[in-house]
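# Close look at the chain arrangement
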Amino acid sequence: MNRVAGLCLLAAVAVGPSAAADAVTAGRHFEWSTRSPEARKLLAELQGRIESFQFGPSNVDLARRLVAADPSFAMGEYYLSAVLPDPAESLQAYEKSRELAKDASDGERRFIEAMYSARVNNGIDFAKSIPPLEALAQDYPGERLIYVILGQLQNGDGHGDKALVAFQKARALGASPRVNAFIASDDLLKGEYGKARASLEGVEKSLPKGSVPFAVRFGITFSHLYEGNTDAALKSLETYLAEYKTNGLDSQFPEVFIWNAMARINLESGRLEEALKDYEKGYQSVPGSNLPQDQKQTWLGRLHHGKARTLARMGKHSEAWAEVETVRKMIIEGGEEGRQYWPAYHYVAGYAKLEAGDYAAALEHLLQGDPKNPFDTLLLARAYEKLGRAQEAKKAYQKVIDSQWAGIERPLAYPEAKRKVAAL
């Protein structure tokens, strides 16, 4: 999945179950403020579905029934906001949950408020939700929900070691396919690709019919990428795409992020015609979707971004640079909202300049890319190496190896970085 879509989905579905009363053994946990037995039952059912990778319209219906059972239940409204596909409607429900939380229990109120940065503004500042969740975990060490969310946010922020600790605490309070999948993915960072894949395949076998296991499919994809098996990596994503569409999730969020992941794999493995087709196919799902116009514009920008990189690899440098300039123009026209995409612009500009052989210009751009992203760092290392700055190149390659980035960029960058560190 591409660098932004992952965080968007994290903010949209980052929810998990509170431990049942008989499973809490490690201390204080949340007290639900609802007095409705029906609301409690529906909440547990919804949490169980999410923990088993069951998403889609059924979850929305379940969440609406939950809210109807107790309209004053803040966590019910929060869960509705987490499963609603329409961003504007989701945000409205989340704000309502914040208002209801003023009369809720301490744990509920603090949790809902802690999620603010992860839930607003497309989750751009999601990492700001980590400190208040860490503080909440100190006061409620028996609350499983906190650890599930905390682990996901820490993963998204490139802190896989901290995420593993959080997921292990969540599993100690109650295992689930979702948490088991995240824990299995930690083996990818340790280089134990076969072990990770076997664990993820085991999680898949435990799932109920109709599950759409994002973490399983992408984890298996990453395991194959680390091993250089492009065909197997693509097959895993093709399976996920079929599951995604069969279960109607494409009616809630277009499948563009899956196509873009396949495009990235094809691009970096040299299958350039296939990459270009995948970027185009992915974007075809966007115009007719229910995404708000600003998000449709963002995906259009990602199409131009992908085409620029692919055309650059094809040696069509003037066409590639025209796409780079289109990205730049879109960012400028986006005003204040567009500023967040400047690192992405410098990444694609640096990519194009590298392929064109203008290494000094590439370096200038790549120094302004995302310093946390291992693929940006890989490009930076390539630029240093082309300019004869071997020690700086080796340092950058080593940074890729040391990264705990959770997205597709690390498995795409890691094999080359490992070879280069050994050679330089």
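Because the structure is a prediction, the values reported are computed rather than measured. (Residues numbered from 1 in each chain as written. Predicted model: local features only at pLDDT ≥ 70, side-chain atom pairs only at ≥ 80, totals over all residues. Heavy atoms only, no water.)

## Side note on the environment of Phe257
Cut-off, in case you're wondering: Only DSSP runs of H or I covering at least 4 residues are called helices, and only runs of E covering at least 2 are called strands; the numbering of each starts at the N terminus.
Relative to the helices and strands, Phe257 resides in helix H15 (residues 256-268). Distance from Phe257 to Trp299, taken between C-alpha atoms, is 9.2 Å for residues 42 residues apart in sequence.

## Some words on the side chain of Ser52
In plain terms, the rule: The cut-offs for exposure are 20% and 50% of the maximum accessible area for each residue type, with area from a 1.4 Å probe on protein chains only; residues under the lower value are buried, those over the upper are exposed, and the others partly exposed.
Inspection of the secondary structure puts Ser52 in the loop between helix H2 (37-51) and helix H3 (57-69). Residue classification places Ser52 among the buried positions, given a relative accessible area of 14%.

## Considering the packing of aromatic side chains
Applied cut-off: The aromatic pairing rule takes the rings of Phe, Tyr and Trp, using the six-membered ring of Trp, and pairs them if the centres are within 6.5 Å, calling planes under 30 degrees apart stacked, those over 60 edge-to-face and the rest tilted. Charge over a ring is defined by NZ of Lys or CZ of Arg lying within 6 Å of the ring centre and within 35 degrees of the ring normal.
Counted according to the given criterion, the structure contains 22 aromatic pairs. For the ring pair Tyr78 and Phe111, a centre distance of 5.4 Å and an interplane angle of 75° mean the geometry is edge-to-face. Note that Tyr78 is positioned in helix H4 (residues 74-83) and Phe111 in helix H6 (residues 106-114), a separation of 33 residues in sequence. One exposure class covers both Tyr78 and Phe111, and it is buried. Seen in terms of ring centroids, Tyr240 and Tyr244 are 5.8 Å apart; in terms of plane orientation they differ by 50°. Their pairing is tilted. Of this pair, Tyr240 and Tyr244 both sit in helix H14 (residues 230-246), 4 residues apart, roughly one helical turn. Here the aromatic cluster, defined as three or more aromatic residues joined through ring pairs, consists of Phe30, Trp32, Phe73, Tyr78, Tyr79, Tyr94, Phe111 and Tyr140. Here the guanidinium or amino end of Arg264 rests over the ring plane of Phe375, the centre of that ring lying 5.0 Å away. The positively charged end of Lys353 is found above the aromatic ring belonging to Trp321, 4.3 Å away from the centroid.

## Side note on unusual backbone geometry
Of note in the backbone geometry, Asn121 takes a positive phi value of approximately 55° without being a glycine. Turning to its location among the elements, Asn121 is positioned in the loop between helix H7 (116-119) and helix H8 (130-139). You can call Asn121 partly exposed: its relative accessible area is 40%. Of note in this structure, Asn122 is not a glycine but carries a positive phi near 60°. Inspection of the secondary structure assignment puts Asn122 in the loop between H7 and H8. The class of Asn122 is partly exposed, set by a relative accessible area of 37%.

## Some words on the pattern of salt bridges
Charged atoms that come close allow side chains of opposite charge to pair. Going by this rule: Whenever Lys or Arg places a side-chain nitrogen within 4 Å of a carboxyl oxygen from Asp or Glu, that contact is recorded as a salt bridge.
Inspection of every chain in the model, using the stated rule, returns 27 salt bridges. In this structure, Arg197 engages Glu227 in a salt bridge whose closest nitrogen and oxygen atoms are separated by 3.1 Å. Highlighted residues: Arg197 in helix H12 (residues 193-205) and Glu227 in the loop between helix H13 (214-226) and H14, separated in sequence by 30 residues. A relative accessible area of 15% means that Arg197 is categorised as buried. By relative accessible area, Glu227 is classed as partly exposed at 42%. Arg313 is paired through a salt bridge with Glu268; the nearest N and O atoms lie 3.5 Å apart. Linking Arg313 in helix H17 (residues 293-313) with Glu268 in helix H15, this pair joins segments that are 45 residues apart in sequence. Of the residues examined, Arg313 reaches a relative accessible area of 27% and is grouped as partly exposed. Beyond isolated ion pairs, a larger network of salt bridges with shared partners links Asp106, Arg109, Arg110 and Asp139.

## Digging into the nonpolar core
Burial of nonpolar side chains together is a common tendency in soluble globular proteins. Test applied: Grouping buried Ala, Val, Leu, Ile, Met, Phe, Trp, Tyr and Cys residues that are joined through side-chain atoms within 4.5 Å yields what is termed a nonpolar core.
Ranked by internal contacts, the top residues of the largest apolar core, which has 120 residues, are Met75, Tyr79, Phe111 and Leu133. Considering each element in turn, this core owes the most residues, 9 residues, to H15. With 11 residues, the next largest nonpolar core counts Leu311, Ala312, Tyr345 and Ala349 among its residues.

## Remarks on helix H11 (residues 177-189)
The element H11 is extensively covered by neighbouring structure, given that 10 of its 13 residues are classed as buried. Directly beyond the C-terminal end of H11, a positive phi value near 85° is found at Gly191.

## Thoughts on the packing of H11 against H13
Formally: Orientation is described by axes fitted as lines to C-alpha atoms, over the contacting stretch for helices, and by angles from 0 to 180 degrees between their N-to-C directions. Should an angle fall under 35 degrees it is called roughly parallel, over 145 degrees roughly antiparallel, and 65 to 115 degrees roughly perpendicular, with every other angle called oblique. Contact definition: two residues touch when any of their heavy atoms are within 4.5 Å. When residue character is reported, Ala, Val, Leu, Ile, Met, Phe, Trp, Tyr, Cys and Pro are called nonpolar, Asp, Glu, Lys and Arg charged, and the others, Gly included, polar.
At their nearest, the axes of H11 and H13 sit 10 Å apart, and the two run at 10° to each other. Taken together, the axes of H11 and H13 lie roughly parallel to each other. Here Ala181, Ser185 and Leu188 of H11 come into contact with H13, specifically with Ala215, Val216, Gly219, Phe222, Ser223 and Tyr226. Considered class by class, the residues forming the contact of H11 with H13 number 6 nonpolar, 3 polar and no charged.

## Considerations on helix H5 (residues 87-100)
Because each turn of an α-helix spans 3.6 residues, side chains separated by three or four positions end up pointing in the same direction. Applicable threshold: Expected helix span is computed as 1.5 Å times (number of residues minus one). Polar contact is the term for a pair of N or O atoms within 3.5 Å; when the atoms are in protein, one must be able to donate a hydrogen and the other to accept it, and sequence-neighboring residues count only if both atoms are side-chain atoms.
Taking 1.5 Å as the rise per residue, H5 with 14 residues should run 20 Å; its terminal C-alpha atoms sit 20 Å apart, in good agreement. One side-chain oxygen of the residue at the start of H5 lies 3.2 Å from the amide nitrogen of Ala88, identifying that residue as Asp86.

## Some details on the packing of H15 against helix H16 (residues 272-284)
Direction vectors running N to C along H15 and H16 enclose 170°, while the axes themselves pass 8 Å from each other. Of the possible angle classes, the one that applies to H15 and H16 is roughly antiparallel. Where H15 approaches H16, its residues Val256, Trp259, Asn260, Met262, Ala263, Arg264, Asn266 and Leu267 are matched on the opposing element by Leu272, Glu274, Ala275, Asp278, Tyr279, Lys281, Gly282 and Tyr283. Of the residues belonging to the contact of H15 with H16, the class tally is 9 nonpolar, 3 polar and 4 charged.

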